[in-house]
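# Breakdown of the fold
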Amino acid sequence: MADNCSSVEIVEGCRLPVLRKNQEHEDEWPLAEILSLKEVSGRKLFYVHYIDFNKRLDEWVTADRLDMKKLQFPKKEAKTPTKNGLSGSRPSSPERPEREVVPVSEKKDTNNDTSLQKKQRKTLDLNLQSATAPSRGKTLPTPVQKRKEVVPLVTPVPPATPVPALPSSTETSQAAVFPVVREPPPFKAREDLEPIPTVTTNGTARRLIPPQPGRKRKANCGGPDEMIKVLQYNKPQSAAVFLPPPEDSQDSSDGIPTAPRMTGSLVSDRSHDDIITRMKNIECIELGRHRLKPWYFSPYPQELTTLPILYLCEFCLKYLKSLKCLQRHLTKCNLRHPPGNEIYRKGTISFFEIDGRKNKNYSQNLCLLAKCFLDHKTLYYDTDPFLFYVMTEYDSKGFHIVGYFSKEKESTEDYNVACILTLPPYQRRGYGKLLIEFSYELSKVEGKTGTPEKPLSDLGLLSYRSYWSQTILEILMDLKPDNGERPQITINEISEITSVKKEDVISTLQYLNLINYYKGQYILTLSEEIVDGHEKAMQKRHLRIDPKCLHFTPKDWSKRGKW
């Protein structure tokens, strides 16, 4: 297949099957996209992203792993032509009415008529934007006359009539709902737009675009729109349970990226992805006794991305370019544990609370390391609004980092986790659930319910679903009958006991398919299969948080002018 590669030029964006090994070490040929090309020692290498696979599987491959027989070249994007000849994605406005052919005898005052028409169109636009604005001495035709009679662009305009004191009922209602119009007001019918395809303001033509299906306009009052949104979200998976709108749901309903929050959110804005951030830039990281292979892009300095191995101090997380530099650094680094306060210790497991403002260098280095394994988060060098909780394992050489989670000092959305990560050498050993359990223990001390910031990664979503399921089932199985009757519990009571947000409790009960509607009331049915599966899972869960070992005093960050 390498011979075909030399005869056919492969460019970025091409798609073709690529040979790889699956989990059973069997050969498979999934479809992949070529993201980049490079030449090393006379050999061509291709950076491929496997379609429908996680980005952490992306890799550099040689030409002999490419199936050139099924090569697909990238399609050119069709650019939508606009009226002024520039390319764009906005939908075209309604067609202008065709110009009438004017006899030569009628063209003597064309320039004056055109300038007069511009002034009238400018006045008309002001009237559209403020239907109730009083007239300032300018005259123009009434909007009703304009809609009924199409005026040619080059024919003389009849004498204008004064603006009526009160607009029509349709325009009055529009002005009342949208007093400050930042976009053209919606009309009832498309035919209304045809006589006035463009409106001129200060010499600039502005199109009147009809409302598009699927677009939602923000209303001034939150009545019908919010109710419709609730009904759209409420498609229960089991019984007909009426749920509140899941504002923090994992999947976006409309696919439109929301504006970034002005607080300390670490959610990545996926609209700014480019070819650079889609590719891994660090080959290998040495952290203590472990060598880690990054999964995703991380914005380490450019000069470090060409190194075969990036060395990190496992205590202060400072990055160095060589082993000799690391050895020299270790002779001067006095840290043997993360900076900050140790707020939990049981056995060899400890948790340290680190203020992103007081320990900025450590926090930034921690974010750089975490970005290598988190794709849905972005990196903010301003770590001031965050607290970092680092979990460590202790031995004779010091406290070695296992994982961490961060949270905002002040969260208006009840987020108790912004980022959460267990380093790859410690995954699948129960540390992920331990981090999640610790975050909810902090919420219990604070007297709040919490939820992780969305979107979660695929592994994060699995861990949270597993934790929520085990925690809720543990409570339900501990309930005892009252006077021989079936035990009863409410969603709010489960939320208060566990500090898990109510929406997460409901989604977990639906995920487990426990809610049923029976004789006019909702009941939770625990089958033998669910009970047996829960008991087996709890037998494997050896690591648990002991609230007695937690020494934590929450701070009221809202009373502090500066963190």
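Residues numbered from 1 in each chain as written. Predicted model: local features only at pLDDT ≥ 70, side-chain atom pairs only at ≥ 80, totals over all residues. Heavy atoms only, no water.

### Observations concerning a positive patch on the surface
Taken together, the side chains of Lys318, Lys324, Arg328 and Lys332 define a basic patch exposed on the protein surface. Relative to the helices and strands, arginine 328 is located in helix α6 (residues 323-332). (Patch = residues over 30% accessible without salt bridge, like charges linked within 9 Å, V, L, I, M, F, W, Y side chains within 5 Å. Areas by Shrake-Rupley, 256 points an atom, 1.4 Å probe, with all protein chains shown as cover. Salt bridge = Lys/Arg side-chain N within 4 Å of Asp/Glu carboxyl O. Lys, Arg positive; Asp, Glu negative; His and termini not counted. Charge placed at Lys NZ, Arg CZ, Asp CG, Glu CD. Helix = DSSP H or I, 4+ residues; strand = E, 2+ residues; numbered from the N terminus.)

### Some points on the side chain of serine 439
Examined against the element boundaries, serine 439 turns out to sit in helix α8 (residues 431-446). Classification of serine 439 by relative accessible area gives buried; the value is 0%. Here the side chain of serine 439 touches isoleucine 436 through a polar contact of 2.6 Å, landing on its backbone oxygen. When near neighbours in sequence (up to four residues on either side) are disregarded, serine 439 contacts Phe405, Asn416, Val417 and Tyr464. (Buried < 20%, exposed > 50% of the residue type's maximum accessible area, 1.4 Å probe, protein only. Polar contact = N/O pair within 3.5 Å; in protein donor to acceptor, adjacent residues only side chain to side chain. Contact = heavy atoms within 4.5 Å.)

### Notes on the sheet that holds strand β12 (residues 290-292)
With respect to topology, 4 strands assemble into an open sheet ordered β12-β11-β13-β14, the strand pairing being mixed. The open sheet is flanked by β12 and β14 (319-320), the only strands paired with a single partner. In terms of strand pairing, strand β11 (residues 285-287) meets strand β13 (residues 310-312) through 3 bridges, oriented parallel. By the bridge assignment for β13, isoleucine 285 is matched with leucine 310. (Pairing = 2+ DSSP bridges.)

### A short note on the nonpolar core
Ranked by size, the top nonpolar core spans 69 residues in total, and within it Phe351, Leu369, Tyr404 and Phe438 carry the most contacts. Every residue in contact with phenylalanine 351, bar those within four places of it in the chain, is listed here: Asn341, Glu342, Ile343, Tyr344, Val390, Met391, Leu434, Leu435, Phe438 and Ile545. (Core = buried A, V, L, I, M, F, W, Y, C linked by side-chain atoms within 4.5 Å.)

### Looking at the pairing of strand β4 (residues 31-40)
As defined by bridge partners, strand β1 (residues 15-17) adjoins β4 across 3 bridges and the pair is classed as antiparallel. Bridging from a neighbouring strand, arginine 15 pairs with glutamate 33 of β4. In terms of strand pairing, β4 meets strand β5 (residues 43-50) through 8 bridges, oriented antiparallel. Looking at the pairing, lysine 38 lines up with leucine 45 of β5. Between β4 and β5, which pair antiparallel and follow one another directly, the connecting turn spans 2 residues, one of which, serine 41, has a positive phi of 55 degrees.

### Looking at helix α11 (residues 502-511)
Residues of α11 that are buried include every one of Asp504, Val505, Ile506, Thr508, Leu509 and Gln510, and no others. Looking one or two residues past α11, asparagine 513 carries a phi angle of roughly 60 degrees, positive in sign.

### Side note on the sheet that holds strand β16 (residues 349-355)
As summarised here, the arrangement of the 5 strands in space is β15-β16-β17-β18-β20, forming an open sheet in which the pairing is antiparallel. Of all strands in the sheet, those with a lone pairing partner are β15 (341-346) and β20 (419-422), marking the two edges. Pairs of neighbouring strands in the sheet enclose a mean axial angle of 20 degrees, with direction left out of account. When strand β17 (residues 386-395) meets strand β18 (residues 398-408), the two strands line up antiparallel, connected through 10 bridges. (Axes fitted to C-alpha atoms, helices over the stretch in contact; angles between N-to-C directions.)

### Observations concerning the packing of aromatic side chains
How two aromatic rings sit relative to each other is set out by the distance from centre to centre and by the angle between their planes. What the rule picks out here adds up to 18 aromatic pairs. Centre to centre, the rings of tyrosine 344 and phenylalanine 351 are 5.8 Å apart; their planes meet at 75 degrees, and the pair counts as edge-to-face. Residue class for tyrosine 344 comes out buried when judged on its relative accessible area of 3%. The rings of Tyr344, Phe351, Tyr389, Phe405 and Phe438 are connected pair by pair, giving a single aromatic cluster. A cation sits over an aromatic face here: arginine 56 above tryptophan 295, 4.9 Å from the ring centre. For the cation-ring pair, lysine 409 lies above tryptophan 557, with the distance from its terminal atom to the ring centre recorded as 4.8 Å. (Phe/Tyr/Trp six-rings, centres within 6.5 Å; stacked < 30°, edge-to-face > 60°. Lys NZ or Arg CZ within 6 Å of the ring centre and 35° of its normal.)

### Comments concerning the side chain of aspartate 546
Within the fold, aspartate 546 resides in the segment after α12 (528-540). For aspartate 546, the residues in contact, after removing those within four places along its chain, are Tyr344 and Lys346.

### Some remarks on the pattern of salt bridges
Taken as a whole, this structure holds 18 salt bridges when the rule is applied. Linking glutamate 59 and arginine 65 is a salt bridge whose minimum nitrogen-to-oxygen distance equals 2.9 Å. Take glutamate 59: its relative accessible area is 26%, and that puts it in the partly exposed class. The shortest N-O distance in the salt bridge between aspartate 384 and lysine 360 comes to 3.2 Å. In this pair, aspartate 384 sits in the loop between α7 (360-371) and β17 while lysine 360 sits in helix α7, placing the two residues 24 residues apart along the sequence. Looking at lysine 360, the relative accessible area reads 32%, which means it is partly exposed. Taken together, the shared-partner salt bridges connect Glu437, Glu474, Arg541 and Arg544 into one network.

On their own, these measurements won't tell you what the molecule is for.
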